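What follows is each chain in one-letter form.
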Number of protein chains: 2
Amino acid sequence: MNDFLSEIEYAGLISRIKRLSDEILYSTRDYYKTVGLDIEPNWHLVFYLLERNGSMTITDISQELRMSHPACVKIIKKMKKKGYVLTKTDDSDSRRQLLQLSDKSKAQLPFFRKHWDAGIKTTEDLIADSPHFVEELKQLELKIDQKSYKDRTLDNLELE
Amino acid sequence: MNDFLSEIEYAGLISRIKRLSDEILYSTRDYYKTVGLDIEPNWHLVFYLLERNGSMTITDISQELRMSHPACVKIIKKMKKKGYVLTKTDDSDSRRQLLQLSDKSKAQLPFFRKHWDAGIKTTEDLIADSPHFVEELKQLELKIDQKSYKDRTLDNLELE
DNA sequence: TATATTTGCGTAACTAGTTACGTAATAAAA
DNA sequence: TTTTATTACGTAACTAGTTACGCAAATATA
């Protein structure tokens, strides 16, 4: 296969994870374009959340997805622009913007779901030969959660 | 742990990989800032390559790292601006820009290496409880390489 | 009740990648 | 030798995330 990132072993592992993630992201966007899905790859999580919960704020979503709120602001802004999300100011707290799916979203959801399901199937196929992957990914998440990559590396620096 | 991305199982797996990758990337940048490393996290691969090979072109690097050449152009541009990389036009082909590490780079490499090694140690620590991770990641890379996420998903769509 | 703190969210400025396009130099083909 | 195709690389415009900052509304405290 002759891959530099693999050759350097642990020094390239993190970059390989990023490379895999990027590759799938761009391939998914390519897929969406091909089949005529007028949405971005990361939006489907917001559709999922709003469909399940009915109404949520930016802060709610950013907590559920564990990403920064400015990232969510950007996503929602685009989804609103395309008419997939509606906002309504909370009566009891004017800071809170209640988000919900528009009728356009609801009408398109079955179509979206068909494609999302095909993607999920792809994910299942991909890790079919990797029976420990999900469990070991979870381990990584847990460890990173307990102590950050930065703090771990600072500790490792002192050991030398 | 109560994590939405984990709850939805395969529908959230790709996003979890991205989340992990992002988290480590930003944590590494934070680390660099803390210890006074005046470089970006992704540069270390270029340092590795140029140190090993002496002189390379943008195209060489993009092939080795398997990323687009415009991405490399951006990285090299910044590295040049900071004085870490020098360019020299190839005598026999004026299109080719031969890149090499500057004296500043060479002088700092031992310092850099100390921190990169600490990071590698962190990676090793992290996957110490995930004995199959590297092998299964490789499997994923191979499968994606054989048939893209897009093509796999198109096939899965037809099956329904 | 007046003041201080927290919360929600919006924006700015940054890095990191992509695809699409253009241009000049080299190589290949007519 | 002239034309055509390929290669190297630079730029533009886009998405996707981050941190840092600001401001107004709500809440807690003095």
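Residues numbered from 1 in each chain as written. Chains lettered and ligands numbered in written order. Predicted model: local features only at pLDDT ≥ 70, side-chain atom pairs only at ≥ 80, totals over all residues. Heavy atoms only, no water.

1. Some points on the domain arrangement of chain A
Residues and elements named next belong to chain A. Here is the rule we go by: For each domain, the first and last residues come from an automatic or database assignment. Working rule for contacts: check all heavy atoms of both residues, and any pair within 4.5 Å makes them a contact. Note: buried area is the sum, over both parts, of the accessible area (probe 1.4 Å) each one loses when the two are combined.
Domain assignment breaks chain A into domain 1 (1-36) and domain 2 (39-113). Computed over C-alpha atoms only, the centres of domain 1 and domain 2 are separated by 28 Å. Counting from both sides, the interface comprises 6 residues of domain 1 and, opposite them, 4 residues of domain 2. On the domain 1 side of the interface with domain 2, the three residues burying the most area are L25, R29 and Y32, jointly 78% of the side's total.

2. As for the nonpolar core
As a rule of thumb, nonpolar side chains are buried together in soluble globular proteins. Keep this limit in mind: Think of a nonpolar core as a cluster: buried Ala, Val, Leu, Ile, Met, Phe, Trp, Tyr and Cys residues, connected wherever their side-chain atoms sit within 4.5 Å. Burial classes follow relative accessibility: with a 1.4 Å probe on protein chains only, a residue under 20% of its type's maximum area counts as buried, one over 50% as exposed, and anything between as partly exposed. By definition, any uninterrupted DSSP run of H or I lasting at least four residues is a helix, any uninterrupted run of E lasting at least two residues is a strand, and each is numbered from the N terminus.
By size, the foremost hydrophobic cluster in this structure holds 33 residues, and its most contacted members are I39(B), F47(B), I61(B) and M79(B). Taken together, the elements giving at least two residues each to this core come down to α1 (4-7) of chain A together with α2 (10-35), α3 (43-53), α4 (58-65), α5 (69-81), β2 (97-101) and α6 (103-126) of chain B. Broken down by element, this core gets its largest block of residues, 7 residues, from α3(B). Residues contacting M79(B), with those up to four places away along its chain left out, are W43(B), V46(B), F47(B), Y84(B) and V85(B). Counting 32 residues, the second-largest nonpolar core is a separate cluster that includes Y48(A), I61(A), C72(A) and M79(A).

3. A short note on the protein's contact with DNA strand D
Counted only if it meets this: We call a residue near a molecule or strand as soon as one heavy atom of that residue lies within 4 Å of the molecule or strand. Counting of polar contacts relies on pairs of N or O atoms within 3.5 Å, with two restrictions inside protein: one atom must be capable of donating a hydrogen and the other of accepting it, and residues adjacent in sequence are counted only when both atoms are side-chain atoms.
Taken together, 29 residues sit near DNA strand D, with N42(A), S68(A), K74(A), T59(B) and R95(B) positioned nearest. In DNA strand D, atoms within 4 Å of the protein come from the sugar-phosphate backbone in 67% of cases. Here a base oxygen of DNA strand D and a side-chain polar atom of K74(A) are 2.4 Å apart. Contributions of two or more residues to the surface near DNA strand D are made by α5 (69-81) of chain A together with α2, α4 and α5 of chain B.

4. With respect to the side chain of S62(A)
Residues and elements named next belong to chain A. As for its position among the elements, S62 is in helix α4 (residues 58-65). Looking at S62, its side chain comes within polar contact range of the main-chain oxygen of T59, at 2.9 Å. The residues touching S62, leaving out its near neighbours within four places in the chain, are M67, S68, H69 and C72.

5. What to know about the protein's contact with DNA strand C
Stated precisely, the cut-off is as follows: Asp, Glu, Lys and Arg are counted as charged, while Ala, Val, Leu, Ile, Met, Phe, Trp, Tyr, Cys and Pro are counted as nonpolar; the rest, among them Gly, fall into the polar class.
The immediate surroundings of DNA strand C are formed by 30 residues, with T59(A), R95(A), N42(B), S68(B) and K74(B) found nearest. The sugar-phosphate portion of DNA strand C accounts for 66% of its atoms within 4 Å of the protein, the bases making up the rest. One nitrogen or oxygen atom from the side chain of H69(A) is found 2.9 Å from a base nitrogen belonging to DNA strand C. One nitrogen or oxygen atom from the side chain of R95(B) is found 3.1 Å from a base nitrogen belonging to DNA strand C. In terms of residue class, the surface near DNA strand C is made up of 9 nonpolar, 8 polar and 13 charged.

6. A few points about the interface of chain B and chain A
Interface extent is often summarised as the accessible area lost during association of the parts. Here is the rule we go by: We define a salt bridge as a side-chain nitrogen of Lys or Arg found within 4 Å of a carboxyl oxygen belonging to Asp or Glu.
Taken together, the contact pairs 74 residues of chain B with 74 residues of chain A. In total, chain B and chain A occlude about 7800 Å² of area from one another, counting both sides; carbon and sulfur atoms represent 67% of this. Linking chain B to chain A there are 12 salt bridges. One salt bridge connects K150(B) with D30(A), and the closest N-O pair in it is separated by 3.4 Å. On the surface where chain B and chain A come into contact, there are 32 residue pairs in polar contact (both at pLDDT 80 or more). Elements supplying a minimum of two residues to the side of chain B that touches chain A: α1 (4-7), α2, α3, α4, α6, α7 (133-146) and α8 (149-158) of chain B. A breakdown of the residues in the side of chain B that touches chain A according to their chemical character gives 33 nonpolar, 18 polar and 23 charged.

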